[in-house]
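Topology and contacts: notes
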Amino acid sequence: MNGPTSTPAHQPAEPGRGTGPGAARARALRAARQALRVLAVELGTPTEPGTPLFGSVQNPWLRRLPYVVAFVFAVSLLPSGINVLGNDYGVNGGLAGALSTAQTVPLLLAVTRPLQAWWVIFAADVVGALVLTGVDGVAGRAWPWPPTAIVGYLALMLALSLRERRRTLIAVWLTTGVTGILSEMSTPDGSQSTWVLLFVLSGVVLMMGATLRERGDAQRKLIEQETISEAERARRTLLEERTRIARELHDVVAHHMSVITVQADSAPYRIGGLPQEAQEEFGSIAATARESLAEMRRLLGVLRSEETERQGGPEKAPQPGTGMLPKLVEGTVRAGVPVELVLPEDPVALEPAVDLSAYRIVQEALANVVRHAPGARTRVSVTTAADGSRLTVLVVNSAPPAPSAPLETTGTGHGLIGMRERVRLVDGTLDTGPLPDGGFRVAAQLPLTPPPTAAAAPLPAKDSGSA
């Protein structure tokens, strides 16, 4: 039998799991390698390379602004840098020109590729600092970053902050700071250190630019969301109006189906001597009409509004028509809107769909007058064409009286959408718009005999399902 095994006391611990100095050093090295890996990824992955700053702005002058600013900095810093390096620091003329060119010309690249421009300018600044350590004119002057290099670097930081993500900006800022700290090891005697100044100023510029960029991104997303919401609201409004029209038309169509059923059922009793085949045919017609009527009632149950559901059943009030316009106008007058009503002298027999559409158009137009132009004088005219082919519904209101203010400054859009759907239902036309005097006009042309297929137009199968 084997005895229990035990780990020898002298067995070394696994690397990275002990508590001694070696384990702590290993953990520190792993953390440093991970930080350098993240730093390299952030500094080597630009955001939207090639896309100009302000490229999505609508104003053409604002789109050109980054190019103008970059050009101004480049043409002003290039001769200034050559003069400072050559005259103040005593750098050879050719070397001073090369360094100044590498430190300023890439600012033109910063408009479209700021991170790549940073690599070039940062490397040129580091090389310039190394060159200045070997010249005699550095004593008593700024080092490692001359004044022109600081100005150009801050301009680059602004372009960088307007494009790159926050982690990349932090990596750039830390790289700038670490480079400044390392420069302290070889500071020339008598020079004035500027790495702390550049480190602080670059951090401030990066923070301000990133804040402005993030705020602009948030505003753009908000505008996009509002646009999407507006489109969804318009679609929902259209579906609600189509559903409401379909509910109202149910009574009209159900009446005709009920008449067909009664006539088909009573035909054998009203007409004597019908053959057996004809009686069976009338019975089949009556059965089909009953099934259709039952299907329409089920459809109405799907389309009925929340208010109707709370009442416990479908609407039982008859659908209105042009004969009820005087009562509608009377109620509007009591609301404080002076309305004049003009109706045909001789009664006109209208199709139910046309009669209902004409009433609803007048109702919506008067409701808009009450909401948006209270107290405005309004004229409602319902006339027929000379050839008896079309019905004209005209609602015109003047500008509201001066002391009055609109009850609503913005609308839901249901009124005009409902008018358009009702006119399209009977294959008519609608013309709406403001008048020169500040009033508003609604003119609808409705055929007295709508086409047979018009009744199915406002509520396609897919819309009724989505409503």
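Residues numbered from 1 in each chain as written. Predicted model: local features only at pLDDT ≥ 70, side-chain atom pairs only at ≥ 80, totals over all residues. Heavy atoms only, no water.

Side note on helix 3 (residues 93–104)
Heads up, the rule is: What counts as a helix is a DSSP run of H or I of at least four residues, what counts as a strand is a run of E of at least two, and both are numbered from the N terminus. A helix's residues, less one, multiplied by 1.5 Å, set its expected span. Using a 1.4 Å probe on the protein chains alone, a residue whose accessible area is under 20% of its type maximum counts as buried, one over 50% counts as exposed, and one in between counts as partly exposed. The directions considered for the arc run from the helix axis to the C-beta atoms. We call two residues in contact whenever any of their non-hydrogen atoms come within 4.5 Å of each other.
In this model helix 3 runs 16 Å from its N-terminal to its C-terminal C-alpha over 12 residues, within 8% of the 16 Å that 1.5 Å per residue would give. By the burial criterion, the buried members of helix 3 are Ala96, Gly97, Leu99, Ser100, Gln103 and Thr104. The buried side chains of helix 3 occupy one side of the element, clustering within an arc of 170° when seen end-on. At its buried positions, helix 3 is contacted by helix 2 (60–88), helix 4 (114–132) and helix 5 (147–161).

A word on the packing of aromatic side chains
Note the cut-off: Geometry of aromatic contacts follows a simple scheme: Phe, Tyr and Trp rings, the Trp one being its six-membered ring, pair when their centres are within 6.5 Å, and the pair is stacked under 30 degrees between planes, edge-to-face over 60, tilted otherwise. In this scheme, the term charge over a ring applies when either NZ of a lysine or CZ of an arginine sits within 6 Å of the ring centre and within 35 degrees of the ring normal.
Within the structure shown, the criterion is met by 4 aromatic pairs. Judged by centre distance (5.2 Å) and plane angle (70°), the rings of Trp118 and Trp119 are edge-to-face. Judged by relative accessible area, Trp119 falls into the partly exposed class, the value being 45%. Members of the aromatic cluster, joined through ring pairs, are Trp118, Trp119 and Phe122. The ring of Trp61 has Arg64 sitting right over it, with the charged end atom 5.5 Å from the ring centre.

What about the layout of surface pockets?
The condition that has to hold: Both cavities and pockets are sets of points on a 1 Å grid over the protein atoms alone; in a cavity a 1.4 Å probe fits but cannot get out, in a pocket the set is open with protein on both sides within 12 Å along at least five of seven lines, and lining residues sit with an atom within 4 Å of a point. Grid points are joined across faces, edges and corners, and a volume is the space filled by probe spheres set on the points. Gly falls in the polar group here, along with every residue not listed as nonpolar (Ala, Val, Leu, Ile, Met, Phe, Trp, Tyr, Cys, Pro) or charged (Asp, Glu, Lys, Arg).
The space that makes up the second largest pocket amounts to roughly 670 Å³. As for the second largest pocket, its lining consists of 20 residues, and the residues nearest its centre are Ser56, Leu162, Arg213, Asp217 and Arg220. It is helix 7 (residues 195–270) that provides the largest number of residues to the lining of the second largest pocket, a total of 8 residues. Class assignment for the residues of the lining of the second largest pocket results in 8 nonpolar, 6 polar and 6 charged.

Points about the pairing of strand 4 (residues 378–384)
Put simply, the rule reads: Think of it this way: DSSP has to see at least two bridges between two strands before they count as a pair. Orienting the strands away from the viewer, one traces the path from the first strand over the helix to the second; a clockwise path indicates a right-handed crossover.
Two strands pair when backbone bridges link them, and strand 3 (residues 339–342) and strand 4 are joined in this way by 4 bridges, in the parallel orientation. If you follow Val342 over to strand 4, its bridge partner there is Ser381. Chirality of the crossover, the property in question, places the unit of strand 3, helix 11 (residues 352–372) and strand 4 among those that are left-handed. Sheet topology note: the strand 4/strand 5 (residues 390–397) ladder contains 7 bridges and is antiparallel. Each bridged residue has a counterpart across the sheet, and for Val380 the counterpart in strand 5 is Val395. Between strand 4 and strand 5, which pair antiparallel and follow one another directly, the connecting turn spans 5 residues, one of which, Gly388, has a positive phi of 70°.

Points about the confidence of the model for the chain
Test applied: The predictor's confidence in any single residue is recorded as pLDDT, a number from 0 to 100.
For the chain, the average pLDDT comes to 81, and 83% of its residues sit at 70 or higher. Looking across the chain, the model is least confident in helix 13 (residues 461–466), with a mean pLDDT of 35, and most confident in helix 5, with 95. Segment residues 1–16: pLDDT under 50, and 3 contacts once partners within four positions in sequence are set aside and those in other chains are kept. Scored below 50 in pLDDT, residues 453–467 makes 24 contacts in the model with residues more than four places away or belonging to other chains.

Concerning the sheet that holds strand 3
Cut-off, in case you're wondering: Note on geometry: axes are lines fitted to C-alpha atoms, helical ones only across the stretch in contact, with angles between N-to-C directions running from 0 to 180 degrees.
Strand order in this open sheet of 5 strands is 3-4-5-7-6, and the pairing throughout is mixed. Edge positions in the open sheet fall to strand 3 and strand 6 (429–434), since each of these has one partner strand only. On average, adjacent strands in this sheet sit at an angle of 5° to one another, irrespective of strand direction. Most of the contacts of helix 11 go to strand 5, to which it runs at about 5°, and overall it touches strand 3, strand 4, strand 5 and strand 7 (440–447).

Structural notes on the pattern of salt bridges
Short version of the rule: We define a salt bridge as a side-chain nitrogen of Lys or Arg found within 4 Å of a carboxyl oxygen belonging to Asp or Glu.
Taken as a whole and judged by the stated rule, the model has 9 salt bridges. Between Asp217 and Arg213 there is a salt bridge, with its nearest N and O atoms 3.8 Å apart. Here Arg213 and Asp217 lie together in helix 7, a separation of 4 residues that amounts to about one turn. For Arg213, a relative accessible area of 14% puts it in the buried group. Between Arg379 and Glu340 there is a salt bridge, with its nearest N and O atoms 3.8 Å apart. A residue pair is termed long-range when its members are at least 10 positions apart, and Arg379 in strand 4 and Glu340 in strand 3 qualify at 39 residues. The class of Arg379 is partly exposed, set by a relative accessible area of 38%.

Focus: a positive patch on the surface
In plain terms, the rule: Here a patch means residues that are over 30% exposed by relative accessible area and free of salt bridges, tied together within 9 Å if like-charged and within 5 Å if nonpolar (Val, Leu, Ile, Met, Phe, Trp, Tyr). All accessible-area figures derive from a Shrake-Rupley calculation using a 1.4 Å probe, and residue coverage is judged against the displayed protein chains alone. Neither His nor the chain ends contribute to the count of charged residues, in which Lys and Arg are positive and Asp and Glu negative. Positions of charges follow a simple convention, taking NZ of Lys, CZ of Arg, CG of Asp or CD of Glu.
A cluster of basic side chains, namely Arg27, Arg30, Arg33 and Arg37, defines a positive patch on the protein surface. With respect to the helices, strands and loops of the structure, Arg27 is situated in helix 1 (residues 21–43).

Remarks on unusual backbone geometry
Of note, the amide linkage connecting Trp143 to Pro144 takes the cis form, showing an omega dihedral of 5°. Tracing the backbone shows Pro144 in the loop between strand 1 (142–143) and helix 5. Non-glycine residue Glu48 carries a positive phi angle of around 50°. Within the element layout of this structure, Glu48 appears in the loop between helix 1 and helix 2. By relative accessible area, Glu48 is classed as partly exposed at 49%. At Phe54, a position not held by glycine, the phi torsion is positive, near 65°. On the accessibility criterion, Phe54 (34% relative accessible area) is partly exposed.

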